[in-house]
Amino acid sequence: MSVEDPPRTAFLAHIPFAAAVAGLASLIDFLGGGQGVGVSAALAALGVGVGAGAVLGGVFAGVLRGLRRLPTWGRALAWLAIGAGLTAWLMDQLGVFARFGGKDHADAVAAAVAGVGAGLGLAVLGFVAQPSADKPAWLSRTRKRPLWTGPLLTLAAIGFIVADRQVGVDNYPAAHTALRVMAVLMLTITGVICMRYWPRRLRLPAWGGASAPD
């Protein structure tokens, strides 16, 4: 949520942004597959990506909206719990616990560290993007802050995309899913916090609510 955009607009804006980012990524992946591509198949891939992105954006916006009335410590604990859930899921999917103490112990340790890092990353990302009932998110609490937080998030998203494309390709699908989701969320949040710089006629509709104070 930015300083200038009505709260409901800022929450709902996550949906079209995430849908656009995920749809474009899905289409690029499909077209880069190397096989013959028909228009209908490409449109289907685009539709799947848009749908998945819309769901992701809706869930993220719903969590942001649901947590906004909690005190700061409550929001922090909630996002830590969400991050811990991601860590637990990744460790289960990567078979971390089953490989501890065996011949793949080193790989298990590396996967555990990566899982914890992913969980903490999601917790931090959610917390800094989380508005309160009376203040915008930390990422956009001042007019100039998005000018540097937005590019930083974009660079981080690019790093996640490169890792998804270059590291362990065709292996560890859960890890690659986490990388893609984090990249989509980072680019989505960047779009939302930078809406204030758009010409007003290009902004998303004001779906209600008064502007949040500084």
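Reference entry: report on the structure contained in this document.

The rules behind the values
- Residues numbered from 1 in each chain as written.
- Predicted model: local features only at pLDDT ≥ 70, side-chain atom pairs only at ≥ 80, totals over all residues.
- Heavy atoms only, no water.
- Helix = DSSP H or I, 4+ residues; strand = E, 2+ residues; numbered from the N terminus.
- Buried < 20%, exposed > 50% of the residue type's maximum accessible area, 1.4 Å probe, protein only.
- Contact = heavy atoms within 4.5 Å.
- Lys, Arg positive; Asp, Glu negative; His and termini not counted.
- Salt bridge = Lys/Arg side-chain N within 4 Å of Asp/Glu carboxyl O.
- Expected span 1.5 Å × (residues − 1).

## Considering the overall build of the protein chain
At step 1: Looking only at helices and strands, the protein chain features 8 helices and 0 strands.
At step 2: In sequence order, the secondary structure elements of the protein chain are arranged as α-α-α-α-α-α-α-α.
At step 3: Buried positions account for 39% of the 214 residues belonging to the protein chain.
At step 4: Long-range contacts, defined as pairs at least 24 residues apart, comprise 72% of the intrachain contacts of the protein chain with a sequence gap of at least 6.

## Focus: the side chain of Arg-75
At step 1: For Arg-75, the position within the fold is in helix H4 (residues 72–93).
At step 2: One buried charged residue, Arg-75, remains without a salt bridge, the closest side chain of opposite sign being Asp-134 at 6.6 Å.
At step 3: Apart from residues no more than four positions distant in its own chain, Arg-75 is found in contact with Leu-67, Arg-68, Leu-70, Phe-127, Gln-130, Pro-131 and Ser-132.

## Observations concerning the pattern of salt bridges
At step 1: One pass over the structure, following the stated rule, counts 2 salt bridges.
At step 2: Of the charged contacts in the structure, one is a salt bridge between Arg-165 and Asp-164, with a shortest N-O distance of 2.5 Å.
At step 3: The partner of Arg-180 in a salt bridge is Asp-164, and the shortest N-O contact between them spans 2.9 Å. Highlighted residues: Arg-180 in helix H8 (residues 173–193) and Asp-164 in helix H7 (residues 146–166), separated in sequence by 16 residues.
At step 4: Each of the salt bridges in this network shares a partner with another, and the network as a whole consists of Asp-164, Arg-165 and Arg-180.

## Quick notes on H4
At step 1: Over its 22 residues, H4 runs 32 Å from end to end, which matches the ideal 32 Å to within 8%, given 1.5 Å per residue.
At step 2: Among the residues making up H4, those that are buried are Gly-74, Arg-75, Ala-78, Trp-79, Gly-83, Leu-86, Thr-87, Leu-90 and Met-91.
At step 3: Elements that come into contact with the buried residues of H4 comprise helix H3 (39–67), helix H5 (96–99), helix H6 (105–128) and H8.
At step 4: With its phi angle positive at about 65°, Gly-95 sits one or two positions after the end of H4.

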